[in-house]
Amino acid sequence: MNLTLKIWRQKNAKDKGKMVEYPISGIDGDMSFLEMLDVLNEELIEKGDEPVAFDHDCREGICGMCSLYINGEAHGPDRLVTTCQLHMRKFKDGETIYIEPFRANAFPVVKDLVVDRSSFDRIQHAGGYISVNTSGNTQDANSIPIEKEKADAAFNAAACIGCGACVATCKNSSAMLFVSAKVSQYALLPQGEVEAKDRVLNMVHQMDLEGFGNCTNTGACEVECPKGISLENIARMNREYIKASMSK
Amino acid sequence: MSILDSKIPNGPIADKWTNYKNKINLVNPANKRLIDVIVVGTGLAGGSAAATLAELGYNVKAFCFQDSPRRAHSIAAQGGINAAKNYQGDGDSTHRLFYDTVKGGDYRSREANVYRLAEVSANIIDQCVAQGVPFARDYGGLLDNRSFGGVLVSRTFYAKGQTGQQLLLGAYSAMNRQIGRGKIKMYNRHEMLDVVKVGGKARGIIARNLVTGEIERHSAHAVVLATGGYGNVFFLSTNAMGSNVTAAWKAHKRGAFFANPCYTQIHPTCIPVSGDHQSKLTLMSESLRNDGRIWVPKKQEDAEAIRTGKMKPTQLAEEDRDYYLERRYPAFGNLVPRDVASRAAKERCDAGFGVNKTGEAVYLDFASAIQRYGKEQAHVKGLDENDKNLIIELGRDVVKTKYGNLFQMYEKIVDENPYETPMMIYPAVHYTMGGIWVDYNLMTTVEGLYAIGEANFSDHGANRLGASALMQGLADGYFVLPYTIGDYLSQDIRTGAIPTDSPEFEEAEKTVRDQIEFFINNNGTKTVDHFHKRLGKVMWNKVGMSRNEKGLSEAIKEIKEIREEFWKDVRVPGTADGFNSELAKAGRVADFLELGELFAKDALERSESCGGHFREESVELDGEQKGEAKRDDENFTYVAAWEYKGEPSDAVVHKEKLVYENIELKQRSYK
Ligand SMILES: Cc1cc2nc3c(=O)[nH]c(=O)nc-3n(C[C@H](O)[C@H](O)[C@H](O)COP(=O)(O)OP(=O)(O)OC[C@H]3O[C@@H](n4cnc5c(N)ncnc54)[C@H](O)[C@@H]3O)c2cc1C
Ligand code: SF4
Ligand code: FES
């Protein structure tokens, strides 16, 4: 395949940045999207140019490190995949592909396509845990049976990889899907109950401090989420939040 | 006597750890506040260690090169974590897990460490459940288990195909609690580039801020390396792109012995290579071997027809298929250990029975499992057991709940539906059993420098059993290191903060700066990846799944040549004072180019076959085991710990003799 890439280049956080066009040829449908960028980068380096910076690590859709806004969609045109799992067979010969970073006030650009998502970490510091010491003196793991259905629902919420596609996709840059996934995981498990109220209040408070927008229920996040995190989590978090606010 | 002292406590194996804990020196809580610990790496090992040390009261500084601790490569582990809980009542026990691990490791691991690992394994599950890790459960609400290769019990706990993710997020949450309390200071996007020794003890590190390019000095009373494995020395592996040996290698250069570098695990079930553009390989969890059956065509002409697309695998009659693992190893069948399964696949493909374009793939087939589950479901639900389509549909549903995400991953990569046509798999580099030598305390040969998780060598011998790396990482971090490091740190309660303006820090920083400047100014003609790929090819072809004297000697020479050319001709674009992925990569590949040579040298010295290390010269010549790997216990029951002396070729080996008091050395038979 021959393609035209239009890629966001920005030297650092202070630079204004712009789209730059790169033609690329000899792309195979079996290549992943990031392997296609590897090919481009090798060419750029050989020519003496600076390669395009982008985040990635596991390249199998689980670490949440890769991002990219491709042709107007977070993680590109395929569903339930991250950019690193997107394959070039989803594109047509001769196509022009627009590649931009995940944009949001709370995700400042570091360089080119790399953004700073540490705001997500800070939300987790505010309450994304169960306060249990790691002494090894906890009770036997099977002492509290958990209904399979609830355990599975908790797992489904816990599957979030913290990539930020939900934020990048949302016209308000809301982080509700991400935050609600964590809140839900713990709300569904008996172990999480004790701190449930403080957890949801603290995490939502931090989310607001970080500059994420409000949720207006457009549902775009659910569509683009590579892990299929469901909007039900947002509903559950809203219920948890109201419950917690009322009892405070 | 060797200069290596493994510091194994006296007494019967079952009492060693308890007695040890009763005798060690403790640091009182007020004094812990005066002590700093650096933890490099935030995977299962580093994350759990950092959280626990902070909880105990130490001041922890933790480092990772990703943008968040949650992204360490432990996140990618799929299949599960072992623990001797015996919830299934199938005869599991601490002793059996200990025995399986030593046997699985082909009798090349240290008994006392392995026993301790088995002993604390049950605690891990309790701990993780208390943290909210959503393990799979059965309909009664209790924890579910599955089986992994090389064992006859069901002791593997799992969370769908995302066990590593869920465990890591558990450790991450424990870290978050301590970060929130200010007890852990987290340094994301930082790469450790050297260890600093003061007065012979590890007292700090030099790190580069990967965003600003700044070179930073960090001091502490002890340094813990939890930096993962070095499988990327092969370029292609199932490791993440950033996984590296740099931290371990720099420690090696500062005096930490590197043990058994040649012990590598080649995992049998990975997605085959599709072309030259390939940047990494994807694992299909071993758990698939619970239900998938591995085969190739019996006749070469059928294999040929499949390769050229003239025949579909589903068209091949049952009697024309060779379920070669079931044939060769009736007792364990598809669940033989990884090294055995990998070599068997290579053997079939080398003999011309491979099934994809490149001839390097075998089938992993779920058709019988779908039938079996479908019939079971129809029976349970009282539906028509003769309705073929219904059976398939019901069976696929069961397979989907068990392995859905793996099947989806496969389909996205290969563009074929594995519910309908068998998966294609081939072995790939996956895990490194070798690593930094540590004693029973997990301390390296540098005082105050510890190594935990995949970065050390200690528990898996020459081959690791599935689901045991996650167990080891969390055991080291949550339950072992917090005790052993306390014993060491008890001497530091009056030391006070370690200054960073000493000549030792100065010298280490200069070494790091010099290398960075060299790269930026080298202006060569070839990219870093160019060299990395060449190194990988030599490693895979000559130091890979099967090794011989000639190939290894050639590899040593070739790696040295690539290394020399690298230093002359590598091109690193950009500048040192900002985000520069190529610069980071150059440093990592430079270290791989040294490790690779030592790796081959180690493989050459060990002229026996053991575990993942297969020497073609050392096979059984006759009898029931004909053609199987042949260990040489008389000459090789030791750990090879290499001391750095400059060039890899100058490295000096120290041997830690392995003593088996509780398990009798036997040939591993899975027949
Ligand atoms: C695809 C895959 C599937 C697996 N599945 C299983 C399984 O089902 N069961 C099982 O038991 N095992 C499995 N394993 C093995 C297991 O996941 C790993 O051995 C284990 O998670 C390693 O954990 P760790 O904490 O030692 O290192 P890692 O998780 O690799 O963490 C390394 C850490 O070190 C940091 N780091 C590295 N170098 C530097 C540096 N120079 N400076 C700063 N920081 C650095 C990284 O940022 C990271 O935080 C699997 C492995 C792979 C690759
Ligand atoms: S909710 Fe989905 S899109 Fe948002 S961070 Fe989690 S995985 Fe990514
Ligand atoms: S690189 Fe890890 S999810 Fe894409």
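Residues numbered from 1 in each chain as written. Chains lettered and ligands numbered in written order. Predicted model: local features only at pLDDT ≥ 70, side-chain atom pairs only at ≥ 80, totals over all residues. Heavy atoms only, no water.

Sheets are built from strands paired through backbone hydrogen bonds, the pairs being either parallel or antiparallel. Residue and element names in this part refer to chain B. Across the sheet, which stays open at both edges, the 5 strands sit in the order β11-β15-β14-β12-β13 with antiparallel pairing between neighbours. The sheet is open, and its two edges are formed by β11 (264–270) and β13 (321–322), each paired on a single side. Here strand β12 (residues 293–297) runs beside β13; their pairing, made up of 2 bridges, is antiparallel. Among the inter-strand pairings, proline 297 is bridged to a residue of β13, identified as arginine 321. (Pairing = 2+ DSSP bridges. Helix = DSSP H or I, 4+ residues; strand = E, 2+ residues; numbered from the N terminus.)

One number sums up the size of the second largest pocket: a volume of about 890 Å³. If you trace the second largest pocket, you find 45 residues lining it, with His56 of chain A together with Met241, Ser581, Glu582 and Lys585 of chain B closest to the centre. Taken together, the elements giving at least two residues each to the lining of the second largest pocket come down to α1 (33–47) of chain A together with α15 (528–542) and α17 (581–605) of chain B. Of the residues in the lining of the second largest pocket, the class split is 15 nonpolar, 13 polar and 17 charged. (1 Å grid on protein atoms, 1.4 Å probe; cavity = no way out; pocket = protein on both sides within 12 Å on 5 of 7 lines; lining within 4 Å. Points joined across faces, edges and corners; volume = space filled by probe spheres on them. Nonpolar A, V, L, I, M, F, W, Y, C, P; charged D, E, K, R; others polar.)

Looking now at the interface of chain B and chain A. Of the residues lining the interface, 75 residues belong to chain B; the matching set on chain A comes to 71 residues. Interface area for chain B against chain A, summed over the two sides, is near 6,100 Å², with a carbon-plus-sulfur share of 51%. Considering only the surface of chain B that becomes buried against chain A, Arg71, Arg137 and Lys412 of chain B emerge as the three largest contributors, covering 11% of it. For the interface between chain B and chain A, the tally reads 6 salt bridges. For arginine 89 of chain A, the salt bridge identified is with aspartate 415 of chain B, shortest N-O distance 3.6 Å. The tally of links from chain B across to chain A stands at 43 residue pairs in polar contact (both at pLDDT 80 or more). Broken down by secondary-structure element, the contributors of at least two residues to the side of chain B that touches chain A are α3 (44–56), α5 (111–130), α6 (163–180), α12 (388–414), α13 (469–489) and α15 of chain B. Each residue belonging to the side of chain B that touches chain A can be placed in one class, and the counts come to 29 nonpolar, 29 polar and 17 charged. (Contact = heavy atoms within 4.5 Å. Buried area = accessible area lost by both parts, 1.4 Å probe. Salt bridge = Lys/Arg side-chain N within 4 Å of Asp/Glu carboxyl O. Polar contact = N/O pair within 3.5 Å; in protein donor to acceptor, adjacent residues only side chain to side chain.)

Residue and element names in this part refer to chain B. The grouping of Asp384, Glu385, Asp387, Glu393 and Asp397 at the surface amounts to a negative patch. By the element assignment, glutamate 385 lies in the loop between α11 (367–381) and α12. Look at glutamate 385 and you get partly exposed, because its relative accessible area is 34%. (Patch = residues over 30% accessible without salt bridge, like charges linked within 9 Å, V, L, I, M, F, W, Y side chains within 5 Å. Areas by Shrake-Rupley, 256 points an atom, 1.4 Å probe, with all protein chains shown as cover. Lys, Arg positive; Asp, Glu negative; His and termini not counted. Charge placed at Lys NZ, Arg CZ, Asp CG, Glu CD. Buried < 20%, exposed > 50% of the residue type's maximum accessible area, 1.4 Å probe, protein only.)

Lining the immediate surroundings of ligand 1 are 39 residues, of which Gln66, Ser74, Met192, Glu454 and Leu470 of chain B lie closest. The local environment of ligand 1 is shared, drawing residues from chains A and B. A distance of 2.8 Å separates an oxygen atom of ligand 1 from a polar atom in the backbone of glycine 79 of chain B. In this structure, serine 468 of chain B approaches ligand 1 through a main-chain N or O atom, which is 3.2 Å from an oxygen atom. (Near = heavy atom within 4 Å.)

We now examine the side chain of aspartate 492 of chain B. All names here are of chain B. With respect to the helices and strands, the residue aspartate 492 is situated in the loop between α13 and α14 (503–522). In this structure the side chain of aspartate 492 is engaged in a polar contact, spanning 3.0 Å, whose partner is the side chain of arginine 203. Once residues lying within four places of it in the same chain are set aside, the contact partners of aspartate 492 are Ile35, Arg203 and His221.

Residues and elements named next belong to chain B. Annotation of chain B at the domain level lists domain 1 (16–263 + 433–492), domain 2 (268–428) and domain 3 (519–605). Computed from C-alpha coordinates alone, the two centres of domain 2 and domain 3 are separated by 35 Å. Each partner contributes to the interface: domain 2 provides 7 residues, whereas domain 3 provides 4 residues. With both chains or domains summed, domain 2 and domain 3 bury close to 410 Å², and 72% of this area falls on carbon and sulfur atoms. Among the residues domain 2 hides against domain 3, the three largest losses belong to Arg343, Lys346 and Pro427. Together they make up 57% of the total. In this structure, the connection of domain 2 to domain 3 is made through 0 salt bridges. (Domains from an automatic or database assignment.)

Residues and elements named next belong to chain B. With 25 residues, α17 should cover 36 Å at 1.5 Å per step; its first-to-last C-alpha distance of 36 Å lies within 8% of that length. Judged by how many residues are buried, α17 sits mostly within the fold: 21 of 25 residues are covered. At the N-terminal boundary of α17, the capping side chain belongs to asparagine 580, with an oxygen 3.2 Å from the backbone nitrogen of glutamate 582. (Expected span 1.5 Å × (residues − 1).)

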